[in-house]
Amino acid sequence: MDTRTVNPGEQVDRQSRILDAVLELLSRHGISGVNMRAVAREAGVALGLVNYYYADKPSLIRAVLNRIGESDMRLVTPDPEAHPDEQLREALRRVAGPEILTTPYLSLRLHLWALAQADEDFAVINAEAFDQYLDGLATLIGNAKPELSREACKERADDIVVVQNGMWLTSLLGIDKAAIRRSIARTEQIAFAD
């Protein structure tokens, strides 16, 4: 395919549709449901286009893992206009947003965690994204609680992630909204404890 005839916005849109298709297939079928032909069909593009952008199934999965890592970083990206306390509170609430607490999204996360356990290359990408998220969360904690050491901020971030992951897993079981609110409140208690 000659990409010189495709405008950059259309090229990004096609790649985005392809990655959206991979995410959808992973969510519904796990890694066994992802192949180049199925991705092309799900994305509504030609198989050759998928092969043009991504050499093989592992490159598709790497791209998806990187996209999820970027998405996770947006969860802890502060609003520069907000006070540090509110930046932290907002980040803690984002992980329970309506777009995240859905069965397809949470199922996708489970499949991606399983992939990271099964493949060393994927594990490295997953670990890097997780470390970046923890660092972002620890930075927000440090900005809101400047008296804490960097190590104390990281420990709190670790503890918060345990609660967040538990909230995600139990959300798949249909836990009620009151329990989600209590989980968010617990993460705030951890973050702001004296």
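Presented here is an overview of the structure given in this document. (Residues numbered from 1 in each chain as written. Predicted model: local features only at pLDDT ≥ 70, side-chain atom pairs only at ≥ 80, totals over all residues. Heavy atoms only, no water.)

### A closer look at the side chain of Ser171
Stage number 1. With respect to the helices and strands, the residue Ser171 is situated in helix 8 (residues 150–171).
Stage number 2. Among all residues touching Ser171, those that are not within four sequence positions of it are Leu101, Leu106 and Ile180. (Helix = DSSP H or I, 4+ residues; strand = E, 2+ residues; numbered from the N terminus. Contact = heavy atoms within 4.5 Å.)

### Considerations on helix 7 (residues 120–144)
Stage number 1. Taking 1.5 Å of rise per residue, 25 residues should cover 36 Å, and helix 7 covers 36 Å from first to last C-alpha, within 8% of that figure.
Stage number 2. Those residues of helix 7 that are buried lie in contact with helix 4 (57–75), helix 5 (84–94), helix 6 (103–118), helix 8 and helix 9 (177–192).
Stage number 3. At the N-terminal boundary of helix 7, the capping side chain belongs to Asp119, with an oxygen 2.9 Å from the backbone nitrogen of Asp121. (Expected span 1.5 Å × (residues − 1). Polar contact = N/O pair within 3.5 Å; in protein donor to acceptor, adjacent residues only side chain to side chain.)

### Topic: the packing of helix 6 against helix 7
Stage number 1. Between helix 6 and helix 7, the least distance of the axes is 6 Å, while the angle of their chain directions is 125°. Put simply, helix 6 runs oblique to helix 7. Crossing of helix 6 against helix 7: the hand is left-handed. Contacts from Trp113, Leu115, Ala116 and Ala118 of helix 6 reach helix 7 at Glu120, Phe122, Ala123 and Asn126.
Stage number 2. Looking at the contact of helix 6 with helix 7 residue by residue, the classes come out as 6 nonpolar, 1 polar and 1 charged. (Axes fitted to C-alpha atoms, helices over the stretch in contact; angles between N-to-C directions. Parallel < 35°, antiparallel > 145°, perpendicular 65-115°, else oblique. Left-handed = near helix turned anticlockwise from the far one by under 90°. Nonpolar A, V, L, I, M, F, W, Y, C, P; charged D, E, K, R; others polar.)

### Looking at the pattern of salt bridges
Stage number 1. Evaluation of the coordinates by the stated rule reveals 12 salt bridges.
Stage number 2. One salt bridge in this structure joins Asp20 and Arg67, with 2.4 Å as the shortest N-O distance. Of this pair, Asp20 sits in helix 1 (residues 8–29) while Arg67 sits in helix 4, placing them 47 residues apart in sequence.
Stage number 3. Among the ionic pairs, Arg28 bridges to Glu24, the shortest N-O distance being 3.0 Å. Remark: Glu24 and Arg28 occur in helix 1; sequence separation between them is 4 residues, near one turn of the helix.
Stage number 4. Of the residues examined, Arg28 reaches a relative accessible area of 43% and is grouped as partly exposed. (Salt bridge = Lys/Arg side-chain N within 4 Å of Asp/Glu carboxyl O. Buried < 20%, exposed > 50% of the residue type's maximum accessible area, 1.4 Å probe, protein only.)

### So, the packing of helix 4 against helix 6
Stage number 1. Viewed as axis vectors pointing N to C, helix 4 and helix 6 meet at an angle of 120°, and their least axial separation amounts to 12 Å. Classed by the angle they form, the pair helix 4 and helix 6 counts as oblique. Helix 6 is crossed by helix 4, and the crossing has left-handed handedness. Of the residues in helix 6, those touching helix 4 at Ile61, Val64, Leu65, Ile68 and Asp72 are Tyr105, Leu108, Arg109, Leu112 and Leu115.
Stage number 2. Split by residue class, the contact of helix 4 with helix 6 holds 8 nonpolar, no polar and 2 charged.

### Side note on the packing of aromatic side chains
Stage number 1. Tallied over the entire structure, the rule returns 4 aromatic pairs.
Stage number 2. Where Tyr52 meets Tyr53, the ring centres are 5.2 Å apart and the plane angle is 75°; that geometry is what we call edge-to-face.
Stage number 3. By relative accessible area, Tyr52 is classed as partly exposed at 40%.
Stage number 4. You can call Tyr53 buried: its relative accessible area is 14%.
Stage number 5. Consider the rings of Tyr53 and Tyr54, whose centres lie 6.5 Å apart with planes at 55°: the pair is tilted. You'll find Tyr53 and Tyr54 in the same group, each marked buried.
Stage number 6. In textbook terms, an aromatic cluster arises when at least three aromatic residues are bridged by ring pairs, as seen for Tyr52, Tyr53 and Tyr54. (Phe/Tyr/Trp six-rings, centres within 6.5 Å; stacked < 30°, edge-to-face > 60°.)

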